[in-house]
Amino acid sequence: MTIGEPKHPFPEWVSQVIADHTEEFGLYPPNDGSPELLAVIAGWLERRYGVRLDPTRQIMALNGTREGLFNTLIALCPEMTARGERPVVLIPNPFYQVYAVAAVTVGAEPVFLPATAENGFLPDYSQLSPDVLNRTEVAYICSPSNPQGAVADRDYWANLIALAEKYDFKIFADECYSEIYRNTPPPGALEVASEGGADPERVVAFHSLSKRSNLPGLRSGFVAGGPESIRRVRQLRAYAGAPLPLPLQRVAERAWADEVHVAASRKLYQEKYALADKVFEGVEGYNAPNAGFFLWLPVKDGEKAAMKLWTETGVRVLPGAYLSRDVNGKNPGKGYIRVALVAPKQEMQHGLEKIRDCLFK
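In this text, all values refer to a predicted model and were calculated from it rather than measured experimentally. (Residues numbered from 1 in each chain as written. Predicted model: local features only at pLDDT ≥ 70, side-chain atom pairs only at ≥ 80, totals over all residues. Heavy atoms only, no water.)

Draft legend 1. Seen up close, the sheet that holds strand 6 (residues 203-208). The sheet built from 7 strands is open, its strands ordered 1-7-6-5-4-2-3 with mixed pairing. Both edges of this open sheet fall to strand 1 (59-62) and strand 3 (109-114), since each of them pairs with a single strand only. Taking each pair of neighbouring strands and ignoring which way they run, the sheet shows an average axis angle of 20 degrees. Where strand 2 (residues 88-93) and strand 3 come together, 6 bridges link them in parallel fashion. In the strand pairing of strand 3, N93 is matched with P114. Relative to strand 5 (residues 170-174), helix 6 (residues 154-167) is tilted by about 150 degrees, and along the sheet it contacts strand 4 (136-142), strand 5 and strand 6. (Pairing = 2+ DSSP bridges. Helix = DSSP H or I, 4+ residues; strand = E, 2+ residues; numbered from the N terminus. Axes fitted to C-alpha atoms, helices over the stretch in contact; angles between N-to-C directions. Contact = heavy atoms within 4.5 Å.)

Draft legend 2. Inspection of the pairing of strand 7 (residues 221-224) at higher detail. The alternating pattern of strand 7 places G221 and V223 on one face and F222 and A224 on the opposite face, and all of these are buried. Strand direction decides the pairing type here: strand 6 and strand 7, joined by 4 bridges, are antiparallel. Residue A205 lies in a different strand from strand 7, and its bridge partner there is A224. (Buried < 20%, exposed > 50% of the residue type's maximum accessible area, 1.4 Å probe, protein only.)

Draft legend 3. Inspection of the packing of aromatic side chains at higher detail. Applying the stated criterion to the full structure yields 18 aromatic pairs. Between Y96 and Y99 the ring centres are 5.9 Å apart and the planes differ by 85 degrees, which places this aromatic pair in the edge-to-face class. The exposure class of Y99 is buried, given its relative accessible area of 1%. Both rings, one in F280 and one in Y286, keep their centres 5.5 Å apart while their planes meet at 20 degrees; by these two values the pair is stacked. Neither F280 nor Y286 differs from the other in exposure class; each is buried. What links up through ring pairs into an aromatic cluster is the set Y96, Y99, Y140, F172 and F206. Directly above the ring of W310 sits R316, whose terminal nitrogen or CZ lies 5.8 Å from the centroid. (Phe/Tyr/Trp six-rings, centres within 6.5 Å; stacked < 30°, edge-to-face > 60°. Lys NZ or Arg CZ within 6 Å of the ring centre and 35° of its normal.)

Draft legend 4. The arrangement of the pattern of salt bridges in detail. All chains considered together, the criterion is met by 22 salt bridges. Across the salt bridge formed by E5 and K7, the nearest N and O atoms sit 2.7 Å from each other. Of the residues examined, E5 reaches a relative accessible area of 40% and is grouped as partly exposed. Taking the shortest distance from any N to any O, the salt bridge between K308 and E312 comes out at 3.0 Å. (Salt bridge = Lys/Arg side-chain N within 4 Å of Asp/Glu carboxyl O.)

Draft legend 5. Broad picture of the side chain of R338. Along the chain, R338 falls in strand 10 (residues 336-340). Comment: no salt bridge for buried R338; closest opposite-charge side chain is D174, at 11 Å. Reaching out from R338, the side chain makes a polar contact with the backbone oxygen of T2 at a distance of 3.1 Å. Once residues within four sequence positions are removed from consideration, R338 is found in contact with M1, T2, I3, G4, N146, P147, F294, L295, W296, V317, L318 and L323. (Lys, Arg positive; Asp, Glu negative; His and termini not counted. Polar contact = N/O pair within 3.5 Å; in protein donor to acceptor, adjacent residues only side chain to side chain.)

Draft legend 6. Structural view of the packing of helix 11 (residues 260-279) against helix 13 (residues 345-359). Look at helix 11 against helix 13: their axes get within 10 Å of each other, and the N-to-C directions meet at 25 degrees. Classified by the angle their axes make, helix 11 and helix 13 are roughly parallel. Where helix 11 crosses over helix 13, the handedness of that crossing is right-handed. Along its contact with helix 11, which presents E271, K272, L275, A276 and V279, the element helix 13 presents K345, M348, Q349, L352, E353 and R356. (Parallel < 35°, antiparallel > 145°, perpendicular 65-115°, else oblique. Left-handed = near helix turned anticlockwise from the far one by under 90°.)

Okay, structure coming up:
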């Protein structure tokens, strides 16, 4: 239960689509994504979020969103701010590790903001000083969040976008868990930005088929944003990075066009949420996730709890501190463990019961 690798069945037609297009392994794939794939993604964005983007200028296919979250910062973060100062990249804490690695790679100063129970597990970037915000070039935000399963609502997005407009920085919206939720579809950053009339270059959004379609091995996602942002990302891709092979792009075309398999997988996760709620009923500090497929369980010391679980029960989880950074002597993940709800339901329930009995009784 330590690694968030989706285990639900992927669509049964995947193998056949690859077989039908095997001859395209003999072709160099389009660098930015096939016209068909980009059009399908644009259609999905309009159906899901009500936003219309030009597929030829505002979307690029990715070889997994990790590539995009890293390379897009290289493409869009300048070496110096307009004032000739070192740029700042804002990062929630805990965080997906590629955010910090990307910031260090471009020579920016990573500034970590706690995402804790006190602020709904979403960072409050508005608390930063004007000096820091004036140097900020990019703010990463993950919604639904990994590891806490928190969802940025419309007000959160609107306030963050307003802050970005005021201080002229970009928002990198990591929305890879957007289709795994308990009840209500999470709003998207592009959606709220469009409704509020924000600068089209203000938000860059990242989506993936790994979680949505249970296809982590396909390595398929996309980045969407303003025409100038995507132009610069495409320019970098022309010299670095690897486009998705065409037969796999054909699978992605079909996947983004189909919601049946997504709804079936989401139903399984909703059943897992209910099981987790039942197993941990009455456990002090238990936070039922609104989305995603992780539990963020409070313990005294995450590393000690993970070791105790492993040695006494054989259940493996991830210490929360491994997803966080010490800031001013505090690590917001230290008192947590992350538990991945990816195993089959019966196996998952058995693991959760072992966690409860070992750590909470």
